[in-house]
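A closer look at the structure
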Amino acid sequence: MGRLGGNMASRENTAEARGTGVGPLGPPRLFAYGLLTMPLAMGGLVLLTYLPTFYAIDMGLGLAAVGAAAVLGRLLDVITDPFIGHLSDQTRSRFGPRKPWMAVGVVGFCLATWFVMNPPDGAGIVYLALAGAAYFLFLTLLDVPYSSVGLELSSDTRERTTLASAKAAFQVVGAILAGFFPLILALPVAEALPTMSLTIIALAIAGFLLFVIFIPVPHAHSKRPRIGATAALRFVASHPRFRTLLASFALVQTGNAFFSGLAVLYVTFMLADPALVGLMIGLLFLATAAFLPLWHLLAKRIGKAGTWKIGMVTSCVAFALLPLFGTGDTLAVAALFVVIGGTFGADAVMPTSILADIAYADEVEADRRQSGLYLAIKNAASKLAFVVPLAVAFPILDLLQFEARAGEDEAVRLTFLLFFAGLPILFKLAALTLLGRAPQFARPSIEGVAAH
């Protein structure tokens with residue numbers, strides 16, 4: 001144990017010598033770092049939860065067409081995310097490698113947010129596809145470099161969990177605000193969208209300015225040789241710990257995507273109370289915020305992977321209970337939404353913190369800066385995961401005439417519940433199996449052991 005602790009201390013010193021980390025991060029810096037996550041989370045929730053139903057039903061485009069447009073936009077992300085992440089890693093400028101990309105991204109993100117959330121009368125599927133593609137592209141330009149900084153700000157494994165938790169907290173606050181926006185304004189979703197988009201734009205500008213002013217990005221004066229895209233991708237593809245993390249994360253996100261992407265339809269047609277949509281979505285993210293301290297504490301006690309597994313098992317139990325309830329069972333369903341929402345925190349914080357450990361180890365041991373590429377590939381997997389419900393569930397439900405038959409046809413109801421609760425269980429069980437079989441995740445990380 002002493003030798004292991006000595007090795008870790010040596011790595012910490014090497015990290016400081018190479019400029020990894022910028023020192024302790026107090027509340028003011030955590031606020032300046034995390035605020036930009038809030039509008040990004042708001043936009044993400046609106047696009048995932050409100051806009052599919054808005055374009056499909058309010059705009060009359062149909063579930064299948066909206067699902068196809070969303071798939072095209074996300075597939076674009078799968079290509080652009082790793083490309084932007086690698087370019088961000090290799091960029092050199094007086095402002096560091098990340099901030100120039102973020103500057104371009106925030107301008108495009110604000111414009112695209114307005115257009116995708118405020119379509120003109122008569123806007124069709126082509127408008128949605130183009131506006132959505134622009135939104136996803138500029139979101140990548142802003143978010144990938146920004147989130148990469150979170151993997152580089154600290155050389156301490158526990159502080160990396162704190163950073164991930166702080167970012168998740170702002171993410172939750174943004175999601176809560178977006179979830180409750182229709183209730184706060186006392187307006188239907190369609191009428192609340194203009195105000196929501198303006199709020200997202202204002203917060204994005206404020207968050208970007210705070211980040212630029214107060215966050216000293218590492219590697220501002222890096223002299224490392226540039227690495228070609230092919231070599232960087234080859235290195236990442238051969239990294240066993242990253243491959244396991246990525247596959248597990250993608251499975252979990254796919255399960256969560258089925259639940260989140262169909263939540264509005266569930267409340268509207270299965271609970272048969274559209275007025276509760278904002279409340280139920282808000283409960284999901286209030287619970288995420290409430291459970292964050294618990295996951296943070298558990299990670300210190302049993303490790304990050306173990307904490308993540310507990311979150312998965314808990315959500316599977318809640319998913320299994322959902323089909324037992326229906327119209328009129330508002331309190332029971334609300335309780336299950338709270339449990340499921342609470343586990344979202346573990347799904348967000350633990351993989352990000354583990355990824356920061358991986359990126360840190362590579363920088364110290366191999367002198368490789370690849371946080372942007374790692375983060376971009378993880379983001380691409382997440383975005384692709386959230387395409388699946390739109391590509392699979394929406395067309396099938398559209399074919400079954402779900403809107404008209406949900407309340408009277410048992411086969412339609414069971415099909416919906418399979419997508420909404422059954423598949424999330426299967427995907428999370430697969431992730432648990434994968435993590436359990438991977439030796440590097442079957443025990444606490446060496447950082448965690450050394451810390452004790």
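The model shown is predicted, which means the values in this text are computed figures rather than measured ones.

1. Topic: the overall build of the protein
Within the protein one finds 17 helices and 0 strands. In the protein, which comprises 452 residues, the share counted as buried stands at 56%. Nonlocal contacts in the protein, meaning residues at least 24 apart in sequence, comprise 85% of its contacts between residues at least 6 apart.

2. Some details on the packing of aromatic side chains
One pass over the full model with this rule turns up 20 aromatic pairs. Seen from their ring centres, Phe402 and Phe416 are 4.9 Å apart, and the 15° between their planes marks the pair as stacked. Linking Phe402 in helix α15 (residues 402–405) with Phe416 in helix α16 (residues 410–437), this pair joins segments that are 14 residues apart in sequence. Judged by its relative accessible area of 1%, Phe402 is buried. The positively charged end of Lys378 is found above the aromatic ring belonging to Phe249, 4.3 Å away from the centroid.

3. Re helix α4 (residues 63–90)
Here α4 contains 28 residues, and its C-alpha end-to-end distance of 41 Å stays within 8% of the 40 Å for a straight helix at 1.5 Å per residue. The largest bend in α4 is about 30°, located at Thr80, with the proline Pro82 one to four residues further on.

4. What to know about the pattern of salt bridges
Per the stated rule, a full pass over the model turns up 4 salt bridges. Among the salt bridges present, the one from Lys428 reaches Asp347, with a minimum N-O distance of 3.1 Å. Of this pair, Lys428 sits in helix α16 while Asp347 is found in helix α13 (residues 330–366), placing the two residues 81 residues apart along the sequence. A relative accessible area of 2% places Asp347 in the buried class. One salt bridge in this structure joins Glu410 and Arg413, with 3.3 Å as the shortest N-O distance. Residue Glu410 and its partner Arg413 are both found in helix α16; the two are separated by 3 residues, about one turn of the helix. You can call Glu410 partly exposed: its relative accessible area is 45%.

5. What about the side chain of His296?
Tracing the sequence through the fold places His296 in helix α11 (residues 277–302). Once residues within four sequence positions are removed from consideration, His296 is found in contact with Thr161, Thr162 and Ser165.

6. Focus on the packing of α11 against helix α12 (residues 304–321)
Remark: α11 packs on α12, axes separated minimally by 7 Å, with the N-to-C direction vectors making an angle of 130°. Relative to α12, the element α11 is oriented oblique. As for the relative orientation of α11 and α12, their crossing is right-handed in sense. From α11, Trp295, Leu298, Ala299 and Ile302 reach across to α12, where they touch Lys304, Gly306, Thr307, Ile310 and Gly311. Broken down by class, the residue content of the contact of α11 with α12 amounts to 5 nonpolar, 3 polar and 1 charged.

7. Focus: the nonpolar core
Soluble globular proteins tend to bury their nonpolar side chains together. Ranked by size, the top nonpolar core spans 119 residues in total, and within it Tyr266, Leu322 and Phe416 carry the most contacts. When neighbours within four sequence positions are excluded, Leu322 is seen to be in contact with Phe259, Tyr266, Leu336, Phe337, Ile340, Phe420 and Ala421.

8. Some points on a nonpolar patch on the surface
Taken together, the side chains of Val107, Leu111, Trp114, Phe115 and Leu198 make up a nonpolar region of the molecular surface, amounting to roughly 500 Å² of accessible area. If one sorts the elements of the nonpolar patch by residue count, helix α5 (residues 99–117) sits on top with 4 residues. Topologically, Val107 is positioned in helix α5.

9. Concerning the packing of helix α2 (residues 27–34) against helix α8 (residues 189–214)
Their axes nearest at 7 Å, the elements α2 and α8 cross at an angle of 130°. In terms of orientation, α2 lies oblique with respect to α8. For the pair formed by α2 and α8, the contact residues are Arg29, Phe31, Ala32 and Tyr33 on the first element and Gly207, Leu210, Phe211 and Phe214 on the second. Considering only residue class, the contact of α2 with α8 consists of 6 nonpolar, 1 polar and 1 charged.

10. Here we look at the environment of Phe285
With respect to the helices, strands and loops of the structure, Phe285 is situated in helix α11. Looking at Phe285, the relative accessible area reads 16%, which means it is buried. On a C-alpha basis, the gap between Phe285 and Phe344 in space is 8.2 Å, while along the polypeptide they are 59 residues apart. In this structure, Phe285 is in contact with Leu45, Val172, Ala175, Ile176 and Phe344, ignoring residues within four places of it in sequence.

11. Here's the deal with the confidence of the model for the protein
Looking at the protein as a whole, its pLDDT mean stands at 81, while 83% of the residues score no less than 70. Within the protein, α12 carries the highest mean pLDDT (96), whereas helix α17 (residues 446–451) carries the lowest (36). Of the regions scoring below 50 in pLDDT, residues 1–20 engages in 29 contacts with residues more than four places distant in sequence or in other chains.

Calculation notes
Residues numbered from 1 in each chain as written. Predicted model: local features only at pLDDT ≥ 70, side-chain atom pairs only at ≥ 80, totals over all residues. Heavy atoms only, no water. Helix = DSSP H or I, 4+ residues; strand = E, 2+ residues; numbered from the N terminus. Buried < 20%, exposed > 50% of the residue type's maximum accessible area, 1.4 Å probe, protein only. Contact = heavy atoms within 4.5 Å. Phe/Tyr/Trp six-rings, centres within 6.5 Å; stacked < 30°, edge-to-face > 60°. Lys NZ or Arg CZ within 6 Å of the ring centre and 35° of its normal. Expected span 1.5 Å × (residues − 1). Bend = angle between axes of the 7 residues up to and from the residue. Salt bridge = Lys/Arg side-chain N within 4 Å of Asp/Glu carboxyl O. Axes fitted to C-alpha atoms, helices over the stretch in contact; angles between N-to-C directions. Parallel < 35°, antiparallel > 145°, perpendicular 65-115°, else oblique. Left-handed = near helix turned anticlockwise from the far one by under 90°. Nonpolar A, V, L, I, M, F, W, Y, C, P; charged D, E, K, R; others polar. Core = buried A, V, L, I, M, F, W, Y, C linked by side-chain atoms within 4.5 Å. Patch = residues over 30% accessible without salt bridge, like charges linked within 9 Å, V, L, I, M, F, W, Y side chains within 5 Å. Areas by Shrake-Rupley, 256 points an atom, 1.4 Å probe, with all protein chains shown as cover. pLDDT = per-residue confidence, 0-100.

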